[in-house]
Amino acid sequence: MPPTPNTPDTATAREPEELREQLRAWLARETGDPDLAVSPPQRTTLGFSRENWFFDAVWKTNGHGDGRTRLVARRDPVGSVLDSDRAVEAAVLAAVHRTDVPVPALHWVDLDGAEADRPTLVMDRAPGRCEPFVLAGPLPEAERAALAGKFCEQLAAIHRLDPAALGLGGVLADPGPGAAHVAVAHWDAELRKIQQAPEPELEYILAWLTATAPASGATTLVHGDFKPGNVLIEDGRVTAVLDWETAHLGDPLEDVGWVTNPLRAREHLIPGVWERDDLIAAWERHTGRTADRLAVRWWNVLANLKLTVIVMAGQHALAHGRYDRIIQTPTALHRVMLGLISTYGHERGEHA
Amino acid sequence: MNPSVSDQLAAARRILLDLVRPHVDGEYPAALLTGVADVLAVLEQGWQRIPAFLTDDTARLRDLLARIADADVLDLPDGLRTRIAAYVAAPVPTAAALAELDAHAESGRALLAEAAPAVVAVGEHPVHDALRGYFDVRIAEFPLRPTPRA
């Protein structure tokens, strides 16, 4: 959705106060309490693609009983590294909330930006803390290993969900066995929207991905950005899985390829304790599925293509004054993808 | 040249981090400011290498394109061989005309982008190895690269 004409191009000092008043007016109508109070929203650094504003709201229900709720407003930015649909995110959040996979409760949805300038979801601020690099942090090794196992269990739990039974069949398209080709076509199209110069390395990688795309053995709900940075933890357990904006139906190995991306091993693995093979084997145990190792390697390449396009989209939005964060060159990602393609070739040779 | 570009970039970065950032309220704007300082550091370290990089990269690119045009095994798009031949025959701007050199390099990269799918399709072949070798050198030599945060 294009920004409304009176929307500021980027963050301004007045923005939090404007948003506070917008949220107050919106939630007052939703709750029926004209005296509803909202604390000053604080924008967090969490998430690169959406604005996340933490705030508290206090209101009375039926004229009595103070309720204070910790909330987060998740709003579309004017410019983003990623185009995604708040309607789809809201539908997935509502559906998954009815399962054992912990997600924040979604309270209010403004899909057309009528309330807060741009499409916005207001949901509970779930308990727990977000530690993107908890597996590489100072916790004792046994605790980190246990957490890594919990993360894998949650990912597998997502892949065990029945999207049709959750009512997501009408919301998300099923790509069937061609999920890998659909993913390549999607990110190719995203690249073309923001490409500013010839990219021979990416043309090579796209052609390679197309030529070697594996057939999908199953269609499941795919989170699309599963990582410790999108998980809340408390007392050694996962209290919420966040950031469902890229959720879609596809090959579950897409998520496995995402969490085994060598570039991000520090987020997902523990050297000598929780390695790539351990993660894949645990996922197989929890899902009852078999992960084709060569296909996972292919999805590793796709994961980095996705990251590359996201980085380039951020550079494009920054150059056009629609994004605040400076993102540096994706050249390192080229190196990773080309290296993975070589690894794939060696592994395919070994498997032949 | 004094003060040098590097000196001025370093000074701007120091002012942002040491003088401005302590007075910035809020996690988000502070993170943005750090990002700006990081980019200044990248420019400070790499700007001097840009002319030499463009000169060397363009020379390697022209060699590679000539080799691709000569490889009969490649099923290149119609007319691409002719356009590559014209590109390779054209004079190369010197580093003194940096914007022209940059535009010339970009034209060559556009030709290589068109040829890349045909190189993938041919599979194991010396011209494929040459393309991968070119990519590897370009990535290794690229002058603007993130520096680890202190």
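Residues numbered from 1 in each chain as written. Chains lettered and ligands numbered in written order. Predicted model: local features only at pLDDT ≥ 70, side-chain atom pairs only at ≥ 80, totals over all residues.

(A) Up close: the overall build of chain A. A count of helical and extended segments in chain A gives 10 helices and 10 strands. In terms of overall dimensions, chain A is globule-like: its C-alpha atoms have a radius of gyration of 21 Å, near the 20 Å expected for 352 residues. Taken over the C-alpha atoms alone, chain A extends approximately 70 × 45 × 45 Å along its principal axes. The buried share of chain A, taken over its 352 residues, is 42%. (Helix = DSSP H or I, 4+ residues; strand = E, 2+ residues; numbered from the N terminus. Rg over C-alpha atoms; globule rule 2.2 N^0.38 Å. Buried ≥ 20, exposed ≤ 12 C-beta atoms within 10 Å, placed from the backbone.)

(B) Local environment of the pairing of strand β8 (residues 231-234) of chain A. Sheet analysis places β8 of chain A next to strand β9 (residues 237-241) of chain A, joined by four bridges and oriented antiparallel. For Glu 234 of chain A, the partnering residue across the bridge sits in β9 of chain A and is Arg 237 of chain A. (Pairing = 2+ DSSP bridges.)

(C) Representation of the interface of chain B and chain A in the model. Contacts between the two partners involve 24 residues from chain B and, on the opposite side, 22 residues from chain A. Where the side of chain B that touches chain A is concerned, the elements lending two or more residues are α2 (27-46), α5 (98-122) and α6 (126-141) of chain B. If one sorts the elements of the side of chain B that touches chain A by residue count, α5 of chain B sits on top with nine residues. Residue classes in the side of chain B that touches chain A are distributed as 18 nonpolar, one polar and five charged. (Contact = placed C-beta atoms within 7 Å. Nonpolar A, V, L, I, M, F, W, Y, C, P; charged D, E, K, R; others polar.)

(D) Local environment of the domain arrangement of chain B. Here chain B is described as being made up of domain 1 (5-48) and domain 2 (49-141). The centre of domain 1 of chain B, based on its C-alpha atoms, is set 36 Å off from the matching centre of domain 2 of chain B. (Domains from an automatic or database assignment.)

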